[in-house]
Amino acid sequence: MTPCQPVRIAASMLSSDFARLGEAVVAIERAGADRVHWDVMDGQFVPNLTIGPDVIAAARACSTLGFEAHLMVGDPERMLARWVEAGCEWITVHAEACRHLHRTLGQIAELGAHPGIALNPATAPSTVEHVIGLVDLVLVMTVNPGFSGQTYLAGMEAKIEVISAMVEKAGRPIEVEVDGGISTGTIRPAFAAGARTFVSGSALWQHERGIGAAITEMKSMCGGEE
Ligand code: DX5
Ligand code: ZN
């Protein structure tokens, strides 16, 4: 577990109005989100296509929040520098998408960004073991990547627990992040399992009282930590 880490909400832009992306980024900062989560998909690694670095770069001036690129793309090492140049401080690659995961994580650090490793639901937590010294973030997917609005996979909580224990042993601050189906109804067990950074998309954008209310409610479900 990582008790000294704050609870953070990373707002996924995937459920926002793409016709008003700049305004959407402004809105999530005003609403109290801690980070902007960009879901990058290539139509190969996942069956969907989204945004590229030029779009993220265009939104960079709209917010002072940290930007994180969640790269759901094959061979992400081919264009790592582009995401850093676009203004992303966090770059998360999928373990399943990297031929040379160890090298790729090192390259992200060399570029001056925080390296993150993401695990699909079917991927064992032991995948992280030999690269834990290279990462600042471990992202446990609680849906199969590709789309927002999917059902949270509660079975991933056991994996979150294993990763949290690994992170604690590492003895330095590494974020345990979860992504997929996070809402006021699911955040508490993910928190109890050890997650501290929560990506949320549809539950934020579709909350009947707005994004700010959704964030406040989610954080209060985790004991009101800031
Ligand atoms: C799924 C993405 C998630 C997702 C979050 O591939 O990585 O970030 O869009 O959306 P919700 O919260 O709706 O599951
Ligand atoms: Zn994501």
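Numbering of residues begins from 1 in every chain and follows the order in which that chain's sequence is written. Note on labels: chains are lettered from A, ligands numbered from 1, in written order. Thresholds applied to this predicted model are a pLDDT of at least 70 for local features of residues and 80 or more for the giving and counting of side-chain atom pairs; totals over whole chains, interfaces and linings are not thresholded and use all residues. Side-chain metrics rest on all non-hydrogen atoms present in the structure, leaving aside hydrogens and water.

A. Summary view of the coordination of the zinc ion (ligand 2). For Na, K and Ca the donor cut-off is 3.2 Å, and for all other metals it is 2.8 Å, counting N, O and S atoms only; because water is absent from this set, sites may look incomplete. Taken together, the protein donors to the zinc ion (ligand 2) comprise His37 (NE2), Asp39 (OD), His70 (ND1) and Asp179 (OD), at separations of 2.0 to 2.3 Å. Between 85 and 135 degrees for all angles marks four donors as tetrahedral; over 155 degrees for opposite donors together with 65 to 115 for all other angles marks four donors as square planar and six as octahedral; every other arrangement is irregular. Each of the six donor atoms bound to the zinc ion (ligand 2) contributes to angles spanning 71 to 172°, and the resulting shape is octahedral. Mapping the donors of the zinc ion (ligand 2) onto the primary sequence yields the spacing H-x1-D-x30-H-x108-D. Separated by 109 residues along the polypeptide, His70 in strand β3 (residues 66–72) and Asp179 in strand β7 (residues 175–179) bring together distant segments of the chain. Three labels apply to residues, based on accessible area from a 1.4 Å probe with only protein chains included: buried if under 20% of the type maximum, exposed if over 50%, partly exposed otherwise in between. Exposure remark for Asp179: the relative accessible area of 9% places this residue in the buried category. Helical segments are the DSSP runs of H or I of at least four residues, strand segments are the runs of E of at least two, and each set is numbered from the N terminus.

B. Broad picture of the nonpolar core. Residues belong to a common nonpolar core when they are buried Ala, Val, Leu, Ile, Met, Phe, Trp, Tyr or Cys residues joined through side-chain atoms within 4.5 Å. If you look at the biggest cluster of nonpolar residues, it comprises 63 residues, and the most contacted ones within it are Trp38, Ile56, Leu71, Ile117 and Phe198. Residue contacts are defined here by distance: any two heavy atoms, one from each residue, within 4.5 Å place the two residues in contact. Setting aside residues up to four positions removed in sequence, Ile56 forms contacts with Trp38, Val40, Ile51, Phe67, Trp83, Ala86 and Cys88. Counting six residues, the second largest nonpolar core, distinct from the first, contains Trp90, Ala118, Met141 and Val143.

C. Region of the structure containing the environment of Ala58. Here Ala58 is to be found in helix α2 (residues 53–60). Overall, the relative accessible area of 57% leaves Ala58 in the exposed class. Distance in space between the C-alpha atoms of Ala58 and Val7 is 28 Å, their sequence separation being 51 residues.

D. Local environment of the pattern of salt bridges. By definition, a salt bridge exists where a carboxyl oxygen of Asp or Glu is found within 4 Å of a side-chain nitrogen of Lys or Arg. Counted by the stated rule, this structure contains 12 salt bridges. Across the pair Arg20 and Glu23 runs a salt bridge whose closest N-O atoms are separated by 3.2 Å. Assessed through its relative accessible area of 47%, Arg20 is described here as partly exposed. Where Glu175 meets Arg35, a salt bridge forms, and the shortest distance between an N and an O atom there is 2.7 Å. Residue Glu175 is found in strand β7, and its partner Arg35 is found in strand β2 (residues 35–41); the two are separated by 140 residues along the sequence. Accessibility classification places Glu175 together with Arg35 in one group, the buried group. One connected set of salt bridges, linked through shared partners, spans Arg8, Arg35, Glu68, Glu175 and Glu177.

E. Focus on the packing of aromatic side chains. Any pair of Phe, Tyr and Trp rings, taking the six-membered ring for Trp, is counted once the centres come within 6.5 Å. Such a pair is stacked with planes under 30 degrees apart, edge-to-face with planes over 60 apart, and tilted for the rest. In this structure the tally under the stated criterion is one aromatic pair. The interplanar angle of 65° and the centroid separation of 5.4 Å between the aromatic rings of Trp38 and Phe67 together place this pair among those described as edge-to-face. Residue Trp38 is found in strand β2, and its partner Phe67 is found in strand β3; the two are separated by 29 residues along the sequence. By relative accessible area, Phe67 is classed as buried at 0%. Positioned above the aromatic ring of Trp90 is the side chain of Arg35, whose terminal nitrogen or guanidinium carbon lies 4.3 Å from the ring centre. The ring of Phe67 has Arg60 lying over it, and the distance from NZ or CZ to the ring centre is 3.7 Å. In our convention, an over-ring charge means Lys NZ or Arg CZ found within 6 Å of a ring centre and within 35 degrees of that ring's normal.

F. The layout of surface pockets, seen in detail. Detection works on a 1 Å grid of protein atoms alone, calling trapped sets that fit a 1.4 Å probe cavities and calling open sets with protein on both sides within 12 Å along at least five of seven lines pockets, with lining residues defined by an atom within 4 Å of a point. Grid points are joined across faces, edges and corners, and a volume is the space filled by probe spheres set on the points. Approximately 240 Å³ is the volume found for the largest pocket. Lining the largest pocket are 24 residues; nearest its centre among them are Phe147, Ser148, Asp179, Gly180 and Gly181. When contributions to the lining of the largest pocket are tallied by element, the ones reaching two or more residues are β2, β8 (197–200) and α7 (202–205). Amino acids are sorted into nonpolar (Ala, Val, Leu, Ile, Met, Phe, Trp, Tyr, Cys and Pro), charged (Asp, Glu, Lys and Arg) and polar (every other residue, Gly among them). Split by residue class, the lining of the largest pocket holds 10 nonpolar, 12 polar and two charged.

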